[in-house]
Amino acid sequence: MADIPALVPRQRARVADGAVHVPDWLDLDEQRRLVEACRDWAGPRPSGQPGMRATRLPSGGVMSVRTVCLGWHWYPYRYSRTVDDGDGAPVLPFPDWLAGLGRRAVAEAYQDDGIDYRPDVALVNYYDDAARMGLHQDKDERSRDPVVSISLGDACVFRFGNTENRKRPWTDVELRSGDLFVFGGPSRLAYHGVPRTYPGTGDPAIGLPRGRLNITLRVSGLGS
Ligand SMILES: O=C(O)CCC(=O)C(=O)O
């Protein structure tokens with residue numbers, strides 16, 4: 001990691017037009033509550049299958065990140081109200097309090113309390129020490145409202161690229177536990193990914209002894 005957190009306060013940064021990094025957005029108590037919620041969502045489903053699973057790609061590959069969805073279930077490359085690539089049962093509900101957190105996040109990132117942001121999808125991703133996420137666009141939503149990303153646990157390199165392709169230019173941002181990253185507007189379809197995490201850098205006080213959790217909130221635009 002690049003600097004010493006206690007000595008060098010990190011500044012909010014506009015990474016690209018519409019893309020904002022807000023360091024240390026959530027305090028330890030808020031992070032702890034989110035980790036607890038993630039633990040519930042990740043747990044076994046009524047069918048007995050695990051809530052959090054590695055997604056199988058059409059290429060035959062399997063993602064190294066494990067994911068559980070709320071509101072709408074994402075699988076390559078669409079959304080469904082049921083876990084179609086799993087037990088076929090309904091997706092977990094998207095809680096109102098999480099929509100409220102998403103609204104707060106967008107207001108904070110864009111410094112504007114008047115934005116009408118109503119997320120109805122969450123992807124909750126867990127990274128073990130070896131997990132990565134390749135550069136991709138979030139483009140299976142019909143809405144182009146911003147994506148809200150909250151990090152918990154181990155720090156990571158978040159690679160934020162351009163909207164054209166997976167090549168440079170990109171910016172590598174270090175995301176730490178409690179950080180917020182929002183991308184919308186001209187950056188909404190930017191390629192992004194996580195080339196590495198920094199195992200062992202999370203504070204165990206939030207209830208996550210190892211690994212990294214990421215919650216991304218989106219507006220599906222798919223109606224009810
Ligand atoms: O883990 C992250 O910070 C990024 C997650 C992501 O890109 C996604 O869920 O589409």
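Above: the structure in question.
Because the structure is a prediction, the values reported are computed rather than measured. Along every chain, residues carry numbers that run from 1 in the direction the sequence is written. For this predicted model, a pLDDT threshold of at least 70 governs which residues receive local features, and a threshold of 80 or more governs which side-chain atom pairs are given and counted, while totals over whole chains, interfaces and linings are taken from all residues. With hydrogens and water stripped out, all remaining heavy atoms of the structure feed into the side-chain values.

K.L.:
If you had to explain unusual backbone geometry to someone new, which residues and values would you point to?
P.N.:
Cis geometry is adopted by the peptide bond preceding Y77, which originates at P76 and carries an omega value of -10°. What counts as a helix is a DSSP run of H or I of at least four residues, what counts as a strand is a run of E of at least two, and both are numbered from the N terminus. The topology assignment puts Y77 in the loop between strand 5 (73-75) and strand 6 (78-80). The peptide bond linking R168 to P169 adopts the cis configuration, its omega dihedral lying at 5°. Considering the arrangement of structural elements, one finds P169 in the loop between strand 10 (155-160) and strand 11 (171-175).

K.L.:
For the packing of helix 1 (residues 28-42) against helix 2 (residues 96-110), give the residues involved together with the corresponding values.
P.N.:
Comment: axis = line fitted to C-alpha atoms, over the contacting stretch for helices; angle = value between 0 and 180 degrees taken between N-to-C directions. Where helix 1 meets helix 2, the axes come as close as 13 Å, and the angle between the chain directions of the two elements is 135°. Between helix 1 and helix 2, the angle falls in the class oblique. Viewed along their axes, helix 1 and helix 2 form a crossing whose handedness is left-handed. Contacts from E30, L34, A37 and W41 in helix 1 reach W97, L98, L101 and R104 in helix 2. Gly is placed with the polar residues, together with every amino acid not listed as nonpolar (Ala, Val, Leu, Ile, Met, Phe, Trp, Tyr, Cys and Pro) or charged (Asp, Glu, Lys and Arg). For the contact of helix 1 with helix 2, the per-class residue count stands at 6 nonpolar, no polar and 2 charged. These descriptions rest on fixed angle ranges, namely under 35 degrees for roughly parallel, over 145 for roughly antiparallel, 65 to 115 for roughly perpendicular, and the rest for oblique. For any pair of crossing helices, the crossing counts as left-handed if the nearer helix is rotated counterclockwise from the farther one by less than a right angle, and right-handed if it is rotated clockwise. Contacts: residue pairs with any heavy atoms within 4.5 Å of one another.

K.L.:
How would you explain the site of the ligand if you had to name every residue and give the values?
P.N.:
Around the ligand sit N125, Y127, M133, H136, D138, F158, H192, V194, R212, N214, T216 and R218, and those are all the residues in its vicinity. Two N or O atoms count as a polar contact when they lie within 3.5 Å, although within protein this holds only if one can serve as hydrogen donor and the other as acceptor, and sequence-adjacent residues are included solely when both atoms are side-chain atoms. A distance of 2.4 Å is found between an oxygen atom of the ligand and a side-chain nitrogen or oxygen belonging to Y127. A distance of 2.8 Å is found between an oxygen atom of the ligand and a side-chain nitrogen or oxygen belonging to H136. Calculation of accessible area relied on Shrake-Rupley with a 1.4 Å probe; when residues are assessed, cover is drawn exclusively from the protein chains displayed. When the ligand sits alone it has 290 Å² of accessible area, and the protein chains cover 96% of it. Only strand 7 (121-127), strand 8 (133-136), strand 13 (192-198) and strand 14 (212-218) provide two or more residues apiece to the shell around the ligand. At 4 residues, strand 14 tops the list of elements feeding residues into the shell around the ligand. Only heavy atoms are used to decide nearness, and a residue is near a molecule or strand if one of them lies within 4 Å of it.

K.L.:
Run through the pairing of strand 1 (residues 13-16), naming residues and quoting values.
P.N.:
Paired strands, as defined in this entry, are two strands with at least two bridges between them according to DSSP. Where strand 1 meets strand 2 (residues 19-22), 3 bridges bridge the pair, whose relative direction is antiparallel. Note on strand 2: the bridge partner recorded for R14 is V20.

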